[in-house]
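Residue strings, one per chain:
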Amino acid sequence: MIVYERPNALRLFFALRGSILPRIAPSLLTCTLLAVVVTLSHGVLFHWKITLTPVPFSLIGLALAIFLGFRNSTAYDRYWEARGLWGRMVQSSRTLARQWLSLVRPAEDSSAGRQAHGDFVRRCIAHAHMVRHQLRGSTPGPELDGLLDPQEIDAALRLRLPSEALLRRNAGLLGRALEEGRVAPALAAEIDRSLTELTQAHAGCERLRGTPIPFAYMLLLHRTAYLYCFLLPFGLIDQLGFMTPFVVAIVAYTFFGLDALGDEIEQPFGLSAHHLPLDALCRVIEIDLREALGEPAPPPLQAVDGCLR
Amino acid sequence: MIVYERPNALRLFFALRGSILPRIAPSLLTCTLLAVVVTLSHGVLFHWKITLTPVPFSLIGLALAIFLGFRNSTAYDRYWEARGLWGRMVQSSRTLARQWLSLVRPAEDSSAGRQAHGDFVRRCIAHAHMVRHQLRGSTPGPELDGLLDPQEIDAALRLRLPSEALLRRNAGLLGRALEEGRVAPALAAEIDRSLTELTQAHAGCERLRGTPIPFAYMLLLHRTAYLYCFLLPFGLIDQLGFMTPFVVAIVAYTFFGLDALGDEIEQPFGLSAHHLPLDALCRVIEIDLREALGEPAPPPLQAVDGCLR
Amino acid sequence: MIVYERPNALRLFFALRGSILPRIAPSLLTCTLLAVVVTLSHGVLFHWKITLTPVPFSLIGLALAIFLGFRNSTAYDRYWEARGLWGRMVQSSRTLARQWLSLVRPAEDSSAGRQAHGDFVRRCIAHAHMVRHQLRGSTPGPELDGLLDPQEIDAALRLRLPSEALLRRNAGLLGRALEEGRVAPALAAEIDRSLTELTQAHAGCERLRGTPIPFAYMLLLHRTAYLYCFLLPFGLIDQLGFMTPFVVAIVAYTFFGLDALGDEIEQPFGLSAHHLPLDALCRVIEIDLREALGEPAPPPLQAVDGCLR
Amino acid sequence: MIVYERPNALRLFFALRGSILPRIAPSLLTCTLLAVVVTLSHGVLFHWKITLTPVPFSLIGLALAIFLGFRNSTAYDRYWEARGLWGRMVQSSRTLARQWLSLVRPAEDSSAGRQAHGDFVRRCIAHAHMVRHQLRGSTPGPELDGLLDPQEIDAALRLRLPSEALLRRNAGLLGRALEEGRVAPALAAEIDRSLTELTQAHAGCERLRGTPIPFAYMLLLHRTAYLYCFLLPFGLIDQLGFMTPFVVAIVAYTFFGLDALGDEIEQPFGLSAHHLPLDALCRVIEIDLREALGEPAPPPLQAVDGCLR
Amino acid sequence: MIVYERPNALRLFFALRGSILPRIAPSLLTCTLLAVVVTLSHGVLFHWKITLTPVPFSLIGLALAIFLGFRNSTAYDRYWEARGLWGRMVQSSRTLARQWLSLVRPAEDSSAGRQAHGDFVRRCIAHAHMVRHQLRGSTPGPELDGLLDPQEIDAALRLRLPSEALLRRNAGLLGRALEEGRVAPALAAEIDRSLTELTQAHAGCERLRGTPIPFAYMLLLHRTAYLYCFLLPFGLIDQLGFMTPFVVAIVAYTFFGLDALGDEIEQPFGLSAHHLPLDALCRVIEIDLREALGEPAPPPLQAVDGCLR
């Protein structure tokens, strides 16, 4: 995610970092070059004058507006839903820590007992890291050291859903506390519900990751946008003359840019500059849960080159 | 569901797999042929010059844009709601497994007792398969073997809602555990709520399946779109000349394509390439619940010809 | 609700059943006739040439598009919300049956006791019928026989909300079971919540029924649409000549049709072909609850003339 | 709220009651008069011909469409949210009555004890009246007599939130019943949740009342709409001639009407004809809760002059 | 937040306070000046006639309408979500106070004991202040005196999330009450849920604060809007002549104004005139909770210069 202070209008105009421009440059250049050729040949292709006026473009524009508006809002809704799911992750981890520490008695009322009691909370930190790695398809690194027993990590990583194994382990701790009478059933039910919240948030992220916008939409949109932009110079040349390539470039920039941007943010769990800063969110969870444990917390992650990952 | 890696722009342009094009080819061809006829006759039909200009099309286009935009977003909303309901299915099955295994004591604390205890979880896997078959109108096959007693399958299949019978059976197990004091009432309430979640997810899918978008909408949209496209050549011929059929084909492609695509995805429980991959989702549930039981899990389903069913 | 197999394009084009056409025929004819008169008089009214061009219609069209789009989505949202509320009704009835039969012990453990125990579930079926009649303003018929004591029906029907009286009666049964220790409090709370769900679903339907879209919206929309369509021939005659009435008819068909359709489905509890099939949904509840009781269930309702009520 | 039977098209066209027309008459007249002046002077102002064409109006119309569409949907969403909150009020009051009467034992099992037991329910009726008065800024009248002790009313009215004091009092009754063992804790929790529902519904209404749509939106919309309508005659005069004032009046009617209507319904708790019928809703609550108590209920409120308040 | 009585149309037209005009004045002036230059030179730049017509602007306008509509609704949705989260804050604080005072017995049944019992409620007031300061990046001042022990404030302020420390402290009080049998577990679970509600509301605010609309959207929108407005004079000059700068100014006012307004309200926790009145909302919480404690309450905050902060 790009972290910015709103720059002034002029610098915003020429900013390249965080822009979608580099990604669409090839299509944009091709399209503009074609417009230059059409301008130089006055719309005549192989001795045929292509008789197009602006009218067809407003007709096709009707469908294109529906596609682009839909694409735009769908992609952003997915982005925002993903952020909301991670918000639930943050909030449920905090809630679990508060509930466990205030409503469940440690097995032993000693310093070591209280230390062991905190393992439940540390496993919540590990859970967030685990979910992040599952979503990004990466392998957990040293960030799990000190949070979990190496054996537990190994056992979990052999499964399809390592994060769920951690939740089951914590549920086991809860079940034990319940049997030993260290937590009342009604409150154990409440804690179990917070575990369910974590499962829900994670399942929601999986759903977003596994279900893109139907492929046929991409095709329809893509084809219509390209046909539109590549035919546009023929429709404008008689009215605009030498300004044609310039106008075509602007129109193509907005259409291709919108499409490419949607493509970026509809799968927001990656590592690109427009994706969600999962590293930073996991760090937030770590800080908050360490504070709840009364342990020293690491500092928040800082943006690198204006970008938080 | 079509699983794809975003191909480059050019290949995307000519892709046929996953395209809606084959489905709308007849209408599209008819429409284009008519445009060719109109072009050749210069808009004269039976010695009458049909005096249409682009103006009426922008007026009708107003209503058409509302219809198509509505159609589009409604169909997608249904698709996404259906996916969300199956997401709840996945998540609630996982939650039920975690709750049952961590919060309810087996009837007997022996190896056989623990094995029998797992039947609750296996029935959750069977439940997902059952719901899938009910939604697709198909008959359960060998995937239920080893999960349920053949007698139970037969009894369930004689009912209108076999899946609900499985839930009632699991509720019976819960009731017995409660009577025998193997689970605290507050936690049994929590588990019962997860059963209710499954009922809700299933009832939501039934609702989508049983209630299409009102038929009169289809009629209004269909008629307006067809009238629009079939009249279009008369409105364009005086301005565009020989380019008329080309423009008509593009416009008709976008309108008919949007309509046909909506038609596909608004009932997303089928077996077409644009429908939800229920087989794969049931497999995911099976893997996760087998892992929770500590049993060997089958591999995830793979896409066949780029398509996951 | 009209139940259809998607017919082919041509038959869809000429379908009358399920069309909104009959309802808007008078306005549509008036409008088209006026257009014919205007065409014949070349836009001259009482020796005054009405100087209108297409321009004003695109300006007014701006507001009209907002109105119609709003009307359309609001009406459909109401329709879909109503369907969702009945979906909750179906699901909560099923849940109540499961909960009552698996979590509450019968007062007597005899055949008669189990039979009496099922009265709770039968009253849930009666509740659905009662809500349906309240929403449609009709009187319950023989469908309640065998479900409820005639005296209870009479007493309930004397109240403003008979359905709520049934819920209170079931709540009384729950209270008694609780006092007699036949259900644990935490589970009684869970069952009470399902009763609340039924109250919520019903209250939601009442809300939809009692609160139409604000009347002033109807006026604004209605007036703008009629002014637009009745003035349209004056704006088109100079460009389109004899095609004017044809274009006016199409435009008026879409606008009036959209308005009339919204009018139909925004109050979806009636008996028209576009309303929700409450009879069929009540039958679904009856089947599912009879199956839960292990009693023989009636067959599902079938569509009559392609229409399910 | 205006209660209507859909009148026929013609009468709907000339209806004044429930129309927004009287409210916007001054602006509409000014605007039309200006258009008449412009028409008579052929667009020449102080010997300068104002050179405007329809083009700028379609450009400005772009932003105006966004503003008006946003305004419209936001205002209606607020209206509908307010109605939904009152729906929760109705439903939660019913639920509270059912829960209290079926799940909590009276302090004394005598006729007087049962009468006193009903005070909880009567206070729920008073709560609805209280919330209504708080939202409308009015003072409770005789409708509270017989529901609450005059002393309790006086004490409550001295606070900023009298309604919340009633809820606290009912919570006190619940706390007492809990201490005396007349209700199980799990069910007291359920009843407490219904009290929370009432707090939520009320807080939601307060939120709507206290937070209008940001003022700057009003300014932007208002200025753009007025500039648009006042400049419009200059843009149309060359094309439309003597029809200009007529077209300007229609356009201004739709724009000003939409704005004024939004203004009315975005704060829906007042007493105008377009506001929510809070009196009638409180009466509904009173009837339903009296029926639950088995007491005689007042009749429902009737519309006065077609308007329910 | 600007608090207004709807002024009459004329005064609304010239209002400056609460207008977005001052903020966009530089861009607006630059744009208008350019239009004046273009008008004086008749669209000739460095001896080249820039051949633009209105057509390109309606094509670019297509994408611009999507951007601006999206920008507008997204920004407002964030504003409204933020307000809703603070509504939950208000409501949950009230609920917590009601629950604590009616369902938990004080540790000692003496005047001092009841006084100490109220600390839980006072900490809820402090929590709201703390959240406000965290969101605004400001330091708590004397408003916490009398609510919390100075030591507790100091300890909390040393953490990243001081507000969460207060909730944990209250959760500790709840845990103690539970151990001492002063509250039933089922009701403690209910109170714990209200604490979770506060965590959720706060986490939601943090999410809004930490996740702006993706930066690339800002770039696309900003560039398109500026290109549009700066090129516009060239497209209008041939048709509109000396009216060009006037029309350009209006168009630019609406586009830049919409953009700037979105920029203001999408981060609604600041101190500008368009932001949420967090001070006033905290005061509301303080009043309601003091009333619940039966203590004298401060007066509500009043708007200063028509603006509530």
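Residues numbered from 1 in each chain as written. Chains lettered and ligands numbered in written order. Predicted model: local features only at pLDDT ≥ 70, side-chain atom pairs only at ≥ 80, totals over all residues. Heavy atoms only, no water.

## Description of the overall build of chain A
In step 1: Counting its secondary structure elements, chain A contains 11 helices and 2 strands.
In step 2: Its helices and strands in sequence order give chain A the pattern α-α-β-β-α-α-α-α-α-α-α-α-α, from N to C terminus.
In step 3: At 27 Å, chain A has a C-alpha radius of gyration far larger than the 19 Å of a compact globule built from 309 residues.
In step 4: C-alpha atoms of chain A, sized along the principal axes, occupy 90 × 35 × 30 Å.
In step 5: Across the 309 residues of chain A, 63% fall into the buried class.
In step 6: Of the contacts formed within chain A by residues at least 6 apart in sequence, a portion of 75% connects residues at least 24 apart.
In step 7: Surface exposure of chain A reaches about 11,200 Å², of which carbon and sulfur atoms provide 60%.
In step 8: Where the 30 positive side-chain charges of chain A centre and where its 29 negative ones centre are 3 Å apart. (Helix = DSSP H or I, 4+ residues; strand = E, 2+ residues; numbered from the N terminus. Rg over C-alpha atoms; globule rule 2.2 N^0.38 Å. Buried < 20%, exposed > 50% of the residue type's maximum accessible area, 1.4 Å probe, protein only. Contact = heavy atoms within 4.5 Å. Areas by Shrake-Rupley, 256 points an atom, 1.4 Å probe, with all protein chains shown as cover. Lys, Arg positive; Asp, Glu negative; His and termini not counted. Charge placed at Lys NZ, Arg CZ, Asp CG, Glu CD.)

## A word on the arrangement of the chains
In step 1: Over all C-alpha pairs, chain A and chain C never come within contact, reaching a minimum spacing of 8 Å.
In step 2: As for chain E relative to chain C, no contact occurs, and the smallest C-alpha gap between them is 8 Å.

## What about the relation of the copies chain B and chain A?
In step 1: For the match of chain B to chain A, the screw axis carries a shift of 0.0 Å, the RMSD comes to 0.0 Å, and the turn is 72 degrees. Here the two chains are linked by the operation of a five-fold rotation axis. Measuring from the rotation axis to each C-alpha of chain B, the shortest distance belongs to B:Ala186, at 4.4 Å.
In step 2: Taken together, the interface assignments show that only 3% of the residues at the interface of chain B recur at the interface of chain A, consistent with different surfaces on the two copies. (Least-squares fit on C-alpha atoms with pLDDT ≥ 70 in both.)

## Some remarks on the interface of chain D and chain C
In step 1: Taken residue by residue, the interface counts 65 residues in chain D and 66 residues in chain C.
In step 2: Here chain D and chain C share an interface that buries about 5,900 Å² over both sides, 69% of which is from carbon and sulfur atoms.
In step 3: If you look at where chain D meets chain C, you find 4 salt bridges.
In step 4: D:Asp288 is the partner of C:Arg160 in a salt bridge, and the nearest nitrogen-oxygen pair spans 3.2 Å.
In step 5: Along the contact surface separating chain D from chain C lie 12 residue pairs in polar contact (both at pLDDT 80 or more).
In step 6: Of all the elements, helix α3 (residues 55-103) of chain D adds the most residues to the side of chain D that touches chain C, at 19 residues.
In step 7: Here the side of chain D that touches chain C is composed, by residue class, of 39 nonpolar, 16 polar and 10 charged. (Buried area = accessible area lost by both parts, 1.4 Å probe. Salt bridge = Lys/Arg side-chain N within 4 Å of Asp/Glu carboxyl O. Polar contact = N/O pair within 3.5 Å; in protein donor to acceptor, adjacent residues only side chain to side chain. Nonpolar A, V, L, I, M, F, W, Y, C, P; charged D, E, K, R; others polar.)

## Describing the packing of aromatic side chains
All names here are of chain A.
In step 1: In the structure shown here, the tally under the stated rule is 50 aromatic pairs over all chains.
In step 2: For the pair tyrosine 76 and tryptophan 80, a centre-to-centre distance of 6.3 Å together with 10 degrees between the ring planes defines the contact as stacked. Taken together, the positions of tyrosine 76 and tryptophan 80, both in helix α3 (residues 54-103) and 4 residues apart, correspond to about one turn of that helix. Each of the two residues, tyrosine 76 as well as tryptophan 80, counts as buried. (Phe/Tyr/Trp six-rings, centres within 6.5 Å; stacked < 30°, edge-to-face > 60°.)

## Let's talk about the environment of B:Leu166
Residue and element names in this part refer to chain B.
In step 1: Topologically, leucine 166 is positioned in helix α7 (residues 162-179).
In step 2: Judged by its relative accessible area of 1%, leucine 166 falls in the buried class.
In step 3: Residues leucine 166 and methionine 130, spaced 36 residues apart in sequence, show a C-alpha to C-alpha distance of 9.0 Å.

## Description of the interface of chain B and chain A
One frequent convention defines the size of an interface as the accessible area lost when the parts assemble.
In step 1: The interface is formed by 64 residues belonging to chain B together with 65 residues belonging to chain A.
In step 2: Note on chain B versus chain A: buried area summed over both sides is about 5,900 Å², and carbon and sulfur give 69% of it.
In step 3: Scanning the region where chain B abuts chain A turns up 4 salt bridges.
In step 4: For the pair chain B and chain A, the number of links is 12 residue pairs in polar contact (both at pLDDT 80 or more).
In step 5: For the side of chain B that touches chain A, the elements supplying multiple residues, two or more each, are α1 (9-14), α3 (54-103), α8 (185-210), α9 (215-240), α10 (244-265) and α11 (278-293) of chain B.
In step 6: Looking at the side of chain B that touches chain A, its residues break down into 39 nonpolar, 15 polar and 10 charged.

## What to know about the pattern of salt bridges
In step 1: Taken as a whole and judged by the stated rule, the model has 118 salt bridges over all chains.
In step 2: Note that C:Arg114 is salt-bridged to C:Asp109, the shortest N-O span being 2.9 Å.
In step 3: Look at C:Arg114 and you get partly exposed, because its relative accessible area is 47%.
In step 4: Judged by relative accessible area, C:Asp109 falls into the exposed class, the value being 70%.
In step 5: Here E:Arg160 makes a salt bridge to E:Glu206, at a shortest N to O gap of 3.4 Å. In this pair, E:Arg160 sits in the loop between α6 (150-157) and α7 (162-179) while E:Glu206 sits in helix α8 (residues 185-210), placing the two residues 46 residues apart along the sequence.
In step 6: One network of salt bridges, with partners in common, ties together C:Arg23, C:Arg71, C:Arg78, C:Asp259, C:Asp263, C:Glu264 and C:Glu266.

## What about the relation of the copies chain D and chain C?
In step 1: Once turned by 72 degrees and shifted 0.1 Å along the axis, chain D lies on chain C with an RMSD of 0.0 Å.
In step 2: Little of the interface of chain D is mirrored in chain C: 3% of its interface residues are interface residues there too.

## Side note on the side chain of C:His202
In step 1: Among the secondary structure elements, C:His202 is positioned in helix α8 (residues 185-210).
In step 2: Within polar-contact distance, the side chain of C:His202 engages the side chain of C:Gln134 at 3.3 Å.
In step 3: For C:His202, the residues in contact, after removing those within four places along its chain, are C:Val131, C:Gln134, C:Leu161, C:Ser163, C:Glu164 and D:Arg94.

## Focus: unusual backbone geometry
Residues and elements named next belong to chain B.
In step 1: With a phi close to 55 degrees, aspartate 305 is a non-glycine residue in the positive phi region.
In step 2: Within the fold, aspartate 305 resides in the segment after α11.
In step 3: Judged by its relative accessible area of 66%, aspartate 305 is exposed.

## As for the side chain of D:Ser102
All names here are of chain D.
In step 1: Structurally, serine 102 can be placed in helix α3.
In step 2: Residue serine 102 is classed as buried on the basis of its relative accessible area, which comes to 18%.
In step 3: Only 2.8 Å separates the side chain of serine 102 from the backbone oxygen of arginine 98, close enough to count as a polar contact.

## Observations regarding the UniProt feature "transmembrane region" (unreviewed entry) in chain A
Residues and elements named next belong to chain A.
In step 1: Mapped onto the present numbering, the UniProt feature "transmembrane region" (unreviewed entry) falls on residues 20-40 and 46-70.
In step 2: In residues 20-40, the share of helix is 95% and the share of strand is 0%. The end C-alpha atoms are 29 Å apart.
In step 3: With 68% helix and 8% strand, residues 46-70 has its two end C-alpha atoms placed 38 Å apart. (UniProt positions renumbered as here; feature names shortened; annotations may be inferred.)

## Considering the packing of helix α8 (residues 185-210) of chain A against α8(E)
In step 1: In contact at an axis separation of 7 Å, α8(A) and α8(E) are set at 30 degrees when each is read in the N-to-C sense. Overall, the two elements α8(A) and α8(E) adopt an arrangement that is roughly parallel. Together, A:Ala186, A:Leu187, A:Glu190 and A:Arg193 of α8(A) and E:Pro185, E:Ala186, E:Ala188, E:Ala189, E:Asp192 and E:Arg193 of α8(E) make up the contact between the two elements.
In step 2: Of the residues that constitute the contact of α8(A) with α8(E), the class distribution is 6 nonpolar, no polar and 4 charged. (Axes fitted to C-alpha atoms, helices over the stretch in contact; angles between N-to-C directions. Parallel < 35°, antiparallel > 145°, perpendicular 65-115°, else oblique.)

## Overview of helix α11 (residues 278-293) of chain C
Residue and element names in this part refer to chain C.
In step 1: The terminal C-alpha atoms of α11 lie 22 Å apart, and with 16 residues this matches the ideal 22 Å at 1.5 Å per residue to within 8%.
In step 2: A large share of α11 lies buried, amounting to 13 of its 16 residues.
In step 3: At the C-terminal side of α11, glycine 294 shows a positive phi close to 75 degrees. (Expected span 1.5 Å × (residues − 1).)

## Here's the deal with α9(B)
Residue and element names in this part refer to chain B.
In step 1: Here α9 spans 37 Å end to end across 26 residues, near enough to the 38 Å set by a 1.5 Å rise per residue.
In step 2: Roughly 35 degrees is the biggest bend found in α9, and it falls at leucine 231, with proline proline 233 one to four residues downstream.
In step 3: Of all 26 residues in α9, 22 are buried, a share of seventy percent or more.
In step 4: Immediately beyond the C-terminal end of α9, within one or two residues, lies glycine 241, with a positive phi of roughly 55 degrees. (Bend = angle between axes of the 7 residues up to and from the residue.)

## Thoughts on the environment of A:Ala201
All names here are of chain A.
In step 1: Position of alanine 201 among the secondary structure elements: in helix α8.
In step 2: Classification of alanine 201 as buried rests on a relative accessible area of 0%.
In step 3: Taking the C-alpha atoms as reference points, alanine 201 and glycine 84, separated by 117 residues in sequence, lie 8.7 Å from one another.
In step 4: Apart from the residues within four sequence positions on either side, alanine 201 is in contact with Leu85, Arg88 and Met89.

## So, the environment of C:Leu289
All names here are of chain C.
In step 1: Mapped onto the secondary structure, leucine 289 falls in helix α11.
In step 2: Given the relative accessible area of 1%, leucine 289 is considered buried.
In step 3: Considered as a pair, leucine 289 and threonine 53 are 236 residues apart in the sequence and their alpha carbons are 64 Å apart.
In step 4: Once residues within four sequence positions are removed from consideration, leucine 289 is found in contact with Ser93, Arg94, Ala97, Val121, Cys124 and Ile125.

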